[in-house]
Amino acid sequence: MIGTGGGLMSFAISVTLGSAVSMSDHSKFLPEKLPPRVGLLGGGTIGGGWAARFILNGVDVQLYDPAPRAADRVRATLVSARRLYRQLTQVPLPVEGVLTVVESIAEAVADVDLVQESAPERQELKQQLLAAASRATAPDTLVCSSTSGFRPSLLQASMDHPERLLVAHPFDPVYLLPLVELCAGECAAPEAMARAVDIYRAVGMHPLVLRKEVDGFIANRLQQAMWREALWLVHDDVASLQEIDDAVRYSFGLRRAVIGAFRMGGGGAAGMRRFMEQWGPQLKWPLTKFTNVPELTEAFLDRLAEQSDEQAKLDNLTTSELETKRDDCLVAVLAGLRLQHYGAGETVALWERALLDRARNSRC
């Protein structure tokens, strides 16, 4: 059941922690596969989300981001994430990791087991950061990029020991959405992938290992296909932004969180065959403009901007308030799925079990 505080009432929550553990000692209670500290390169929306997820799971974070007020934004993200975790679960959270803001890449990656790069999506910039990090770390330090589209073989071009680079692509907000897509490059070491799976699973994520290297990975390719079609609907004056968002939010958007894209027919070989026999021929109908993108003319951009303003007025929420609403609703969805032990909810349940084990071990 959902408690009055919005938290998730799960199994065996009556764990009581003993005396507080000092920050200098807390790392000895970390699970074996969870690194005591990580180095983060970039503290924007994604980097800040990584910082919150790691810190709230008891991992120390060394953050490098030269942008003004980057550290303040990361701390604000941590405050929001802390509030949401208290809503999501009533299982005791571990002693928080420590956030240390540093002045150089070398300081950020010193003595860490994992480097997570989350710089803006510019290939040359990412290559430079990853190369610098590789020269300042031990040869066996795992290095991961949060890129949303670049292949790891492109990013590892200038690295020392490029075999330890992987793409670890998360989704915003990183501290709530559990998926992380893991993609290996041409010369990646098999043990690097195994270590990455263990680390991300230990902080409550669902690692999805790609079978092969591909631009855009899996989820973004699916998202982009829908976004492209949505732009055409606006461009051709078929629907407004609000109408398109309503079409998603009130129908298949809800359904996809439970059954994904391929369980529509009830599952199994018979269900899939029946579903494809019924609906497959329609895929050849000229219903979409799947391969084309509307030209982003000033007039079209003006239309998008105008309708976006109309949406904002209708919601009557500031950007910050909209993000808070989004996160609160995501917690509610995850909590509901957790009650059913299904989909992303099962990932939350596994994370809670690990937290309980850590709480018990910290008292031994």
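Refer to the structure printed above.
Right, let's walk through the structure included here. Since this is a predicted model, take the numbers as computed values, not measurements.

Details of the pattern of salt bridges
Logical step 1: Overall, the coordinates contain 14 salt bridges when judged by the stated rule.
Logical step 2: The closest approach of N and O atoms between D327 and R326, which form a salt bridge, is 2.8 Å.
Logical step 3: A residue is classified by how much of its surface remains accessible, and D327, at 4% relative accessible area, is buried.
Logical step 4: A salt bridge links R360 to D357; its shortest N-O distance comes to 3.2 Å. Here D357 and R360 lie together in helix α13 (residues 344-362), a separation of three residues that amounts to about one turn.
Logical step 5: According to the relative accessible area criterion, R360 is partly exposed, its value standing at 34%.
Logical step 6: A network of salt bridges, in which partner residues are shared, links R69, D72 and R75.

Quick word on the packing of helix α1 (residues 45-56) against helix α2 (residues 70-88)
Logical step 1: Packing of α1 against α2 leaves a shortest axis separation of 9 Å and a crossing angle of 50 degrees. For the element pair α1 / α2, the angle class is oblique. In this structure, α1 crosses over α2, and the sense of that crossing is right-handed. Residues G48, G49, A51, A52, R53, I55 and L56 of α1 form the contact with α2, whose participating residues are V74, T77, L78, A81, R82 and Y85.

Here we look at the nonpolar core
Logical step 1: Of all hydrophobic cores here, the largest spans 45 residues; its most connected members are F54, V61 and Y200.
Logical step 2: Broken down by element, this core gets its largest block of residues, seven residues, from helix α6 (residues 190-202).
Logical step 3: Each residue touching Y200, except ones within four places of it in the same chain, is listed here: W50, F54, L114, Q116, C144, A168, V180, L182, M205 and P207.
Logical step 4: If you look at the next biggest cluster of nonpolar residues, it comprises 21 residues, including L41, V109, L129 and V167.

Things to note about the pairing of strand β5 (residues 142-145)
Logical step 1: What you see with β5 is no split at all: L142 and C144 on one side and V143 and S145 on the other are buried throughout.
Logical step 2: Two strands pair when backbone bridges link them, and strand β4 (residues 114-117) and β5 are joined in this way by four bridges, in the parallel orientation. Among the inter-strand pairings, Q116 is bridged to a residue of β5, identified as C144.
Logical step 3: With helix α4 (residues 123-135) bridging β4 and its parallel neighbour β5, the resulting β-α-β unit is right-handed.
Logical step 4: The pairing of β5 with strand β6 (residues 165-169) spans three bridges and is classified as parallel. Directly across from C144, in β6, lies its bridge partner L166.

Re the pairing of β4
Logical step 1: What you see with β4 is no split at all: L114 and Q116 on one side and V115 and E117 on the other are buried throughout.
Logical step 2: Bridge count for strand β1 (residues 37-41) against β4 is four bridges, and the pairing is parallel. Within β4, the residue paired with L41 across the bridge is E117.

A few points about the packing of helix α7 (residues 219-235) against helix α8 (residues 241-249)
Logical step 1: Contact pair α7 / α8: the axes reach a minimum separation of 9 Å and the direction vectors enclose 140 degrees. Taken together, the axis directions place α7 and α8 in an arrangement best described as oblique. Here α7 runs over α8; the crossing is right-handed. Residues M226, A230, L233 and V234 of α7 touch α8, and the partners they reach there are L241, I244 and V248.

What counts and what doesn't
Residues numbered from 1 in each chain as written. Predicted model: local features only at pLDDT ≥ 70, side-chain atom pairs only at ≥ 80, totals over all residues. Heavy atoms only, no water. Salt bridge = Lys/Arg side-chain N within 4 Å of Asp/Glu carboxyl O. Buried < 20%, exposed > 50% of the residue type's maximum accessible area, 1.4 Å probe, protein only. Helix = DSSP H or I, 4+ residues; strand = E, 2+ residues; numbered from the N terminus. Axes fitted to C-alpha atoms, helices over the stretch in contact; angles between N-to-C directions. Parallel < 35°, antiparallel > 145°, perpendicular 65-115°, else oblique. Left-handed = near helix turned anticlockwise from the far one by under 90°. Contact = heavy atoms within 4.5 Å. Core = buried A, V, L, I, M, F, W, Y, C linked by side-chain atoms within 4.5 Å. Pairing = 2+ DSSP bridges. Right-handed = clockwise from strand over helix to strand, strands pointing away.

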